[in-house]
Every structure is written in C-alpha cells, then in structure tokens.
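For reference, the chains in residue letters:
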Amino acid sequence: PTASVVNVFKEACFKNAHLVPYPIATQSLANVVEHKEFSGLLYAGAARQDKGISHVVNLLEHMSKLGLKIPFKLQSSANHHGEYDSATQADMQRLGKINYSQLQCVSKTLSAEEYANQFSGVICLQLYNPILFADRISGVTLDALSTGSPIVTTAGSWIARMVQRFEAGVVVEIPDPQTVLTAVQNIISDYERYRKNAAAAGLTLRQENSAAILFKAITAKKP
C-alpha cells in the first residue's frame, strides 16, 4: 500500500511487486448517519504506545484539571493477544485515576456496526508515533474520514498528509496536551467546515482505495 513497502520486496528480488491502494471496507460504513453537530472526542482502536495512548491520557488529565465537559470516548482494549505492554499498562492505571465525568471507556470488542457508529459527530484523535507511521497507512484514518470525522494528528505521518491534503482536521507538531486541546477547540469552533471536508475526503479515498483495484491486481495475468 505504500512505496516503502513495495521497495522492501523489490530489494528482496520479487519480480512482481506493485503499489496498490489500501482497500476500504465501505459496507460496514454505508449506514452510518453523519451528525452535523459536534458530539465529542474519540480515540479508536486498541490502546497502544505507537498509537499515542500516552498522549491521549495526558490530554485527559489536562482536561480534567481544567474542569472541561467535552464528551470523550476511549477504546481501551488491549492488543490482539489481550495484553498491554508495561508502558501502556501504566497508562491504563493513570487513566483509572482520572476523575473526568465525561469519559466513556470501551474495553470490549465492538461489532463492525458499533465501531463505525462511534465516529459520527466526533473529532478523532490520532496522536500516533510519526516515525513509525511516516509511511504506514492507518485504517482508523480511512474509517474516520469515511464517516466525516475530522482528525487531530501528529506532523510527519501518513495520517498528517491525508489531513493536510483535504483540510480535514489539524496537524500538531508536538502532541503535548495544551497544543492538542487548542487543536481540538479550533475544530469545534468550525466543526461543520471540518466535517464537510472530512466527508469529502472519505468520498475521494473510497474511490481511490476501491477494493476493485486490489482485485484487479491480484487477478491480472503476470508475464
């Protein structure tokens, strides 16, 4: 799905290595209702260090100290093995001590419909490690934009390039809580514009990332 991945295979002497867009599964997103009004913040997917869970917990601590009342849904599920690494375990312990009345933690595995519905009307936080995601596609990004959810993300990542391309959110250079909160507040103040940009981005990316392109590449006759 990205040039750097293709190069890995080409350098290993694979003769047929081609760049093919990461396919978006649109069926589970098709029935999501786009809410025009802002309804809260969302951290989607497993709680992991590379996905910036530490920055998200820092933000929650900051918002709690300020006495804010912005609704916040956080998926706190572990990795595919049902485990947290030591740093994430420490973040989960910190999270449990935060007294933020508007926080909803979701630890269970969501159905496809439940997962898709949580994006409606929110700002999606993707404070991912910019080095690890410099040329790494995020399915959460594609899901967020497909449902019209603006994004706050870190500079230097593939996610940031998508956000900047469509003006579908705000990119922060440093994901400290004050900077991230300012980015969130800027989107909230002009949410309708960002939501429309995100929805337009989702439409374009669903066309560019059609699974039909992947199917054609797999079934094409090779010389």
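Scroll up for the structure.
Residues numbered from 1 in each chain as written. Predicted model: local features only at pLDDT ≥ 70, side-chain atom pairs only at ≥ 80, totals over all residues. Heavy atoms only, no water.

Q: Even after reading the chapter, I still don't get the pairing of strand 6 (residues 169-172), so can you show me in this structure?
A: Moving residue by residue along a regular strand, the side chains alternate between the two faces of the sheet. Across four bridges, the pairing between strand 5 (residues 151-154) and strand 6 is parallel. If you follow Thr 153 over to strand 6, its bridge partner there is Val 171. Running through helix 6 (residues 158-166), the crossover from strand 5 to the neighbouring parallel element strand 6 is right-handed. (Pairing = 2+ DSSP bridges. Helix = DSSP H or I, 4+ residues; strand = E, 2+ residues; numbered from the N terminus. Right-handed = clockwise from strand over helix to strand, strands pointing away.)

Q: How do you make sense of the packing of helix 2 (residues 53-66) against helix 3 (residues 86-97) when you look at a structure like this?
A: Running from N to C, helix 2 and helix 3 point in directions that differ by 15 degrees, and their axes come no closer than 10 Å. In terms of orientation, helix 2 and helix 3 fall into the roughly parallel class. Viewed along their axes, helix 2 and helix 3 form a crossing whose handedness is left-handed. Of the residues in helix 3, those touching helix 2 at Ile 53, Ser 54, Val 57, Asn 58, Leu 60 and Glu 61 are Thr 88, Asp 91, Met 92, Arg 94 and Leu 95. (Axes fitted to C-alpha atoms, helices over the stretch in contact; angles between N-to-C directions. Parallel < 35°, antiparallel > 145°, perpendicular 65-115°, else oblique. Left-handed = near helix turned anticlockwise from the far one by under 90°. Contact = heavy atoms within 4.5 Å.)

Q: How should I be thinking about the pattern of salt bridges in this particular structure?
A: Think of it this way: side chains of opposite charge can pair up when their charged atoms draw near. According to the stated counting rule, one finds eleven salt bridges in the structure shown. Close ionic contact of Glu 61 with Arg 94 constitutes a salt bridge, the shortest N to O distance being 2.9 Å. Here Glu 61, found in helix 2, pairs with Arg 94, found in helix 3; they are 33 residues apart in sequence, far enough to count as distant. Its relative accessible area of 25% is what places Glu 61 among the partly exposed residues. (Salt bridge = Lys/Arg side-chain N within 4 Å of Asp/Glu carboxyl O. Buried < 20%, exposed > 50% of the residue type's maximum accessible area, 1.4 Å probe, protein only.)

Q: Mind showing me how you'd approach the pairing of strand 4 (residues 122-126) here?
A: Of all five residues making up strand 4, five are buried, and the element is well covered by its neighbours. Relative to strand 4, strand 1 (residues 40-43) runs parallel, the two being bridged by three bridges. Residue pairing across strands places Leu 42 opposite Cys 124, the latter belonging to strand 4. With three bridges connecting them, strand 4 and strand 5 associate as parallel partners. Looking across to strand 5, one finds that Gln 126 is bridged to Thr 153.

Q: Explain unusual backbone geometry to me, please; I cannot follow it from the model alone.
A: Of all residues except glycine, most have a negative phi; of all peptide bonds, most are trans. Even without being a glycine, Cys 13 presents a positive backbone phi close to 75 degrees. For Cys 13, the location among the structural elements is in the loop between helix 1 (3-11) and strand 1. Overall, Cys 13 belongs to the exposed group, its relative accessible area being 65%. One non-glycine residue, Glu 167, adopts positive backbone phi at about 50 degrees. Inspection of the secondary structure assignment puts Glu 167 in the loop between helix 6 and strand 6.

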